[in-house]
Amino acid sequence: MRLSEQALEQAKAVGATDDVAELKLAEEKLERARSNMLSESFRDARMRAEQSELDARLAEAKVLTLKSQEQLTLLQSRVDRLRKQLGEQR
Amino acid sequence: MSSIKPLAVLAIAGVLGLQGCASQRSEEALDQASTAFQSVKDDSNVLRSAPRDVIRAGESLAKAERLASYWGTGSDVRHYAYLSQRYSQIAREHSNLVLNQERQAKLELERQRLQLALREAKLASVQQQGKWLEEQIVSLATNDTDRGLVMTLGDVLFDTGEAELKSSASRTVLKLVQFLQLNPKRVVRIEGYTDSTGNPDDNLKLSRDRAQSVADMLVDLGVDEKRIKVIGYGDQYPVEANASERGRAQNRRVEIVFSDEKGRLGAER
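The paragraphs below set out a description of the structure included in this document.

Procedures and definitions
- Residues numbered from 1 in each chain as written.
- Chains lettered and ligands numbered in written order.
- Predicted model: local features only at pLDDT ≥ 70, side-chain atom pairs only at ≥ 80, totals over all residues.
- Heavy atoms only, no water.
- Helix = DSSP H or I, 4+ residues; strand = E, 2+ residues; numbered from the N terminus.
- Rg over C-alpha atoms; globule rule 2.2 N^0.38 Å.
- Buried < 20%, exposed > 50% of the residue type's maximum accessible area, 1.4 Å probe, protein only.
- Contact = heavy atoms within 4.5 Å.
- Buried area = accessible area lost by both parts, 1.4 Å probe.
- Salt bridge = Lys/Arg side-chain N within 4 Å of Asp/Glu carboxyl O.
- Polar contact = N/O pair within 3.5 Å; in protein donor to acceptor, adjacent residues only side chain to side chain.
- Pairing = 2+ DSSP bridges.
- 1 Å grid on protein atoms, 1.4 Å probe; cavity = no way out; pocket = protein on both sides within 12 Å on 5 of 7 lines; lining within 4 Å.
- Points joined across faces, edges and corners; volume = space filled by probe spheres on them.
- Nonpolar A, V, L, I, M, F, W, Y, C, P; charged D, E, K, R; others polar.
- Patch = residues over 30% accessible without salt bridge, like charges linked within 9 Å, V, L, I, M, F, W, Y side chains within 5 Å.
- Areas by Shrake-Rupley, 256 points an atom, 1.4 Å probe, with all protein chains shown as cover.
- Axes fitted to C-alpha atoms, helices over the stretch in contact; angles between N-to-C directions.

A short note on the overall build of chain A
On a plain count of helices and strands, chain A comes out with three helices and zero strands. Listed N to C, the secondary structure of chain A is α-α-α in terms of helices and strands. Here chain A has a C-alpha radius of gyration of 20 Å; the compact-globule value for 90 residues is 12 Å, and the former is much larger. Each principal axis of the C-alpha atoms in chain A carries an extent, and together these give about 75 × 20 × 15 Å. Here chain A, with 90 residues, has 40% of them falling under the buried criterion.

Focus: the interface of chain B and chain A
On the chain A side, the residues contacting the 30 residues of chain B number 30 residues. Buried area between chain B and chain A, both sides added, is near 2800 Å², and the carbon and sulfur share of it is 62%. Here chain B and chain A share four salt bridges between them. For the salt bridge of D55 of chain A with R86 of chain B, the shortest nitrogen-to-oxygen distance reads 2.7 Å. Linking chain B with chain A are 13 residue pairs in polar contact (both at pLDDT 80 or more). Of all elements in the fold, only α4 (51–68) and α5 (74–140) of chain B reach the threshold of two or more residues within the side of chain B that touches chain A. Here the side of chain B that touches chain A gets 28 residues from one element, more than from any other, and that element is α5 of chain B.

A closer look at the pairing of strand β1 (residues 141–144) of chain B
One face of the sheet, then the other: side chains in a regular strand alternate in exactly this way. Residues and elements named next belong to chain B. In this sheet, strand β2 (residues 148–153) lies alongside β1 in antiparallel orientation, the contact comprising four bridges. Directly across from N143, in β2, lies its bridge partner L149. The loop that links β1 with its antiparallel partner β2 comprises three residues.

Notes on the layout of surface pockets
A volume near 430 Å³ is recorded for the largest pocket. Among the elements of the structure, α2 (21–38) and α3 (42–89) of chain A together with α2 (24–41) and α5 of chain B are those that each provide at least two residues to the lining of the largest pocket. Element by element, the count of residues in the lining of the largest pocket is highest for α5 of chain B, at eight residues. Each residue belonging to the lining of the largest pocket can be placed in one class, and the counts come to four nonpolar, six polar and seven charged.

Remarks on a nonpolar patch on the surface
Residues and elements named next belong to chain A. On the surface, M1, M37 and F42 cluster together into a nonpolar patch covering about 280 Å² of accessible area. By the secondary structure assignment, F42 is in helix α3. Using a relative accessible area of 49% as the deciding quantity, one classes F42 as partly exposed.

Digging into the pattern of salt bridges
Between side chains of opposite charge, a pair can form as their charged atoms come close. Residue and element names in this part refer to chain B. For the structure shown, the criterion picks out 27 salt bridges over all chains. Measuring nitrogen to oxygen at the nearest pair gives 2.4 Å for the salt bridge that ties R147 to E191. With R147 in the loop between β1 and β2 and E191 in strand β3 (residues 188–193), this residue pair connects regions lying 44 residues apart in the sequence. E191 matches R147 in its accessibility class, with the two residues each being buried. Notably, a salt bridge pairs D209 with K205, separated by 2.9 Å at the nearest N-O pair. Of this pair, D209 and K205 both sit in helix α7 (residues 200–220), four residues apart, roughly one helical turn. Residue D209 is classed as partly exposed on the basis of its relative accessible area, which comes to 29%. With a relative accessible area of 53%, K205 lands in the exposed category.

Things to note about the side chain of D195 of chain B
Residue and element names in this part refer to chain B. Mapped onto the elements, D195 comes out in the loop between β3 and α7. The class of D195 is buried, set by a relative accessible area of 6%. Side chain to side chain, D195 and T197 meet in a polar contact 2.8 Å long. In this structure, D195 is in contact with N203, D235, N242, R248, N251 and R252, ignoring residues within four places of it in sequence.

Some points on the sheet that holds β2 of chain B
All names here are of chain B. The strand order across the open sheet formed by five strands is β1-β2-β5-β3-β4, and the pairing between neighbours is mixed. Two strands in the sheet have a free side with no partner beyond their single neighbour: β1 and β4 (228–232). For this sheet the average axis-to-axis angle between neighbouring strands, irrespective of direction, equals 25°. Direction of pairing for β3 relative to strand β5 (residues 253–258): antiparallel, over a ladder of six bridges. Residue Y193 lies in a different strand from β5, and its bridge partner there is R253. Along the sheet, α7 makes contact with β2, β3, β4 and β5, crossing β4 at roughly 160°.

In short, geometric facts, not functional conclusions.
Below is the structure:
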């Protein structure tokens, strides 16, 4: 449970929101894990918490990849612009 | 990497040998997890950037396979298949991230190289432009042995008796401004002249006003005032005899005297 909470916090720290499907899943599963704990369904609670942790970690990884993709696209467009300018210069 | 291979073999053996006992849903989950694991374990980029997640994907998959050989373990099978698939996906994302970062580093170097090339190209073009302008100015000017480079703006740029510069002067003045911007050390003396019509005092004032209006335009276009001297000579120093209209027209003029490249201006007349 603790691990899932940490993974969720970390995913949000890098900018994951509910728009990322995996983050929403992670939150829902953590909620259900908590209520499983209350009703003493410990096995269900453990499984939900484990899944929630990996959902959150995947959400985090996806956000990081997406961000790096955006940076890459921006950089590529700058390089393209430089090439074009150089082409015009010659 | 060597620690992954045996796991993979184990996992494949599991898929082949034990699938029979799993329910339809569990089988689907196992298939998906196994496919995901196959794609990451055979990808050297993924192995390089996320080895631990690949190992965990394999371990979870093996666990799911093992559980699938027992009855009544459907939810556990699906759980570990789920975890395995997630580990594979996370490994894939990490790998994509690392690949992006590597591409980014390469592009950054490429960008720096291009920026340098562009700066050099622009510099060359500015130098070329400067040379071209210099030629233009020189072609508009004459080299007077005593006074240095002198450019004459003829009376077509002024209406008779008027000191205001006509708009047809803009092109020449603009060239002058560019030339001065490209040669920041050069300074100019703007000298006004008139023909001999009218009285000398008025002519002196008119010649000064004409020179001043050229100077004003240069200042308006960004040339530092300190680089410009203005002087009026009235009807002195005619270039032609004032007897004919043609001669008088030639005498109504503004001359721009350029300093040398170091800012040294020839003496006044």
